[in-house]
Amino acid sequence: DTEVTQTPKHLVMGMTNKKSLKCEQHMGHRAMYWYKQKAKKPPELMFVYSYEKLSINESVPSRFSPECPNSSLLNLHLHALQPEDSALYLCASSEPGTAGEQYFGPGTRLTVT
Amino acid sequence: GENVEQHPSTLSVQEGDSAVIKCTYSDSASNYFPWYKQELGKRPQLIIDIRSNVGEKKDQRIAVTLNKTAKHFSLHITETQPEDSAVYFCAATTWGGSYIPTFGRGTSLIVHP
């Protein structure tokens, strides 16, 4: 299984809502990533988990809160978002410890109203 | 940190022509260079990659070349087809607590039938 899955596919939320994005992979990868992508722009790294521990936080606002419950799952908890946070949120996984391919999920299209 | 420049931002070709996309990077420690293709509304997908100990790699109509001395790498697509139309991102991967790709700004390739 070389697939990364993400739910939901689409999410519309108000600025006062709390929601969560979910990501799952069954490739045995021990590095997982959250990216934010605006239209026609490259993915922008938000967080990296390596062996279920947060290894990189790219100065992301605290309204985004990541969680890695186990080696297969990655969540992104959202609270009090702003309209400018509307974007495609991509999860990816890879083997840690060696530079190699990142496998991307299909993304969650988030709209903040 | 790493900085990746990608050119051109838009490339328009006729079906059957060749297309070349060029990237430069700044960190000599970068050792893995993937190319991702992203169709509209879909996830980035790896199409070819190259490691720093290799100068050229080919996979059917797609090839990548790397010049470590000059710190640049290029994607070559021959006999382009309309289904090659997409946004292409180059990346340079280096260690920063985890192996992290730094993406170029992307090239929108349009292949006219």
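Up top is the structure.
Parameters and conventions
Residues numbered from 1 in each chain as written. Chains lettered and ligands numbered in written order. Predicted model: local features only at pLDDT ≥ 70, side-chain atom pairs only at ≥ 80, totals over all residues. Heavy atoms only, no water. Helix = DSSP H or I, 4+ residues; strand = E, 2+ residues; numbered from the N terminus. Rg over C-alpha atoms; globule rule 2.2 N^0.38 Å. Buried < 20%, exposed > 50% of the residue type's maximum accessible area, 1.4 Å probe, protein only. Contact = heavy atoms within 4.5 Å. Areas by Shrake-Rupley, 256 points an atom, 1.4 Å probe, with all protein chains shown as cover. Lys, Arg positive; Asp, Glu negative; His and termini not counted. Charge placed at Lys NZ, Arg CZ, Asp CG, Glu CD. Polar contact = N/O pair within 3.5 Å; in protein donor to acceptor, adjacent residues only side chain to side chain. Buried area = accessible area lost by both parts, 1.4 Å probe. Salt bridge = Lys/Arg side-chain N within 4 Å of Asp/Glu carboxyl O. Nonpolar A, V, L, I, M, F, W, Y, C, P; charged D, E, K, R; others polar. Core = buried A, V, L, I, M, F, W, Y, C linked by side-chain atoms within 4.5 Å. Pairing = 2+ DSSP bridges. Axes fitted to C-alpha atoms, helices over the stretch in contact; angles between N-to-C directions.

S.K.: Where do I start with the overall build of chain A in this structure?
M.R.: On a plain count of helices and strands, chain A comes out with 0 helices and 11 strands. Helices and strands appear in chain A in the N-to-C order β-β-β-β-β-β-β-β-β-β-β. Against the compact-globule benchmark of 13 Å for 113 residues, chain A has a radius of gyration of 13 Å, which places it among compact chains. Considered along the principal axes of its C-alpha atoms, chain A spans approximately 40 × 25 × 20 Å. Relative to its full complement of 113 residues, chain A shows a buried share of 49%. Within chain A, contacts between residues at least 6 apart in sequence are counted, and of these 54% link residues at least 24 apart. Carbon together with sulfur atoms contributes 49% to the accessible area of chain A, which is approximately 5400 Å² in total. Counting 12 positive and 11 negative side-chain charges, chain A places the averaged centre of each group 9 Å from the other.

S.K.: Explain the side chain of Ser98(B) here, please?
M.R.: Relative to the helices and strands, Ser98(B) resides in the loop between β9 (86-95) and β10 (99-103). We classify Ser98(B) as buried; its relative accessible area is 4%. Engagement of the side chain of Ser98(B) in a polar contact is seen with the side chain of Ser55(A), the distance being 3.0 Å. Those residues in contact with Ser98(B), other than ones at most four positions away along the chain, are Val48(A), Ser50(A), Ser55(A) and Ile56(A).

S.K.: What am I meant to see in the interface of chain A and chain B here?
M.R.: In many reports, interface size means the accessible area that the parts give up when they come together. The interface is formed by 25 residues belonging to chain A together with 19 residues belonging to chain B. Overall, the association of chain A and chain B removes approximately 1800 Å² of surface from exposure, summing both partners, and the carbon and sulfur fraction of that is 60%. Counting the surface chain A buries against chain B, the share from its top three residues, Pro42(A), Ala99(A) and Phe104(A), is 28%. Taken together, chain A and chain B are joined by 0 salt bridges. Among the secondary structure elements, those contributing two or more residues to the side of chain A that touches chain B are β4 (31-37), β5 (44-50), β6 (53-57) and β9 (87-94) of chain A. Split by residue class, the side of chain A that touches chain B holds 13 nonpolar, 8 polar and 4 charged.

S.K.: Help me understand the nonpolar core in this model?
M.R.: Counting residues in each nonpolar core, the largest one holds 24 residues, and the members touching the most others are Trp35(B), Phe73(B), Leu75(B), Tyr88(B) and Leu109(B). At the level of secondary structure, the elements contributing two or more residues to this core comprise β2 (10-14), β3 (19-25), β4 (32-38), β5 (45-51), β7 (62-67), β8 (72-77), β9 and β11 (107-112) of chain B. Dropping the residues within four chain positions of it, Leu75(B) is found in contact with Ala19(B), Val20(B), Ile21(B), Trp35(B), Ile47(B), Ile48(B), Ile62(B), Ala63(B) and Tyr88(B). Residues Val4(A), Cys68(A), Ala87(A) and Val112(A) belong to the second largest nonpolar core, which totals 23 residues.

S.K.: What's the story with the sheet that holds strand β8 (residues 73-79) of chain A in this structure? I'm lost.
M.R.: Each strand in a sheet pairs with another by means of backbone hydrogen bonds, the pair being arranged parallel or else antiparallel. All names here are of chain A. As summarised here, the arrangement of the 4 strands in space is β1-β3-β8-β7, forming an open sheet in which the pairing is antiparallel. Looking at which strands have only one partner, the edges of the open sheet turn out to be β1 (4-7) and β7 (64-70). Strand-to-strand twist in this sheet, taken as the mean axis angle between neighbours without regard to direction, amounts to 20 degrees. Taken together, the 7 bridges between strand β3 (residues 18-25) and β8 define a ladder with antiparallel strand orientation.

S.K.: I keep staring at the environment of Ile21(B) and nothing clicks. Help me out?
M.R.: Relative to the helices and strands, Ile21(B) resides in strand β3. The class for Ile21(B) is buried, based on a relative accessible area of 1%.

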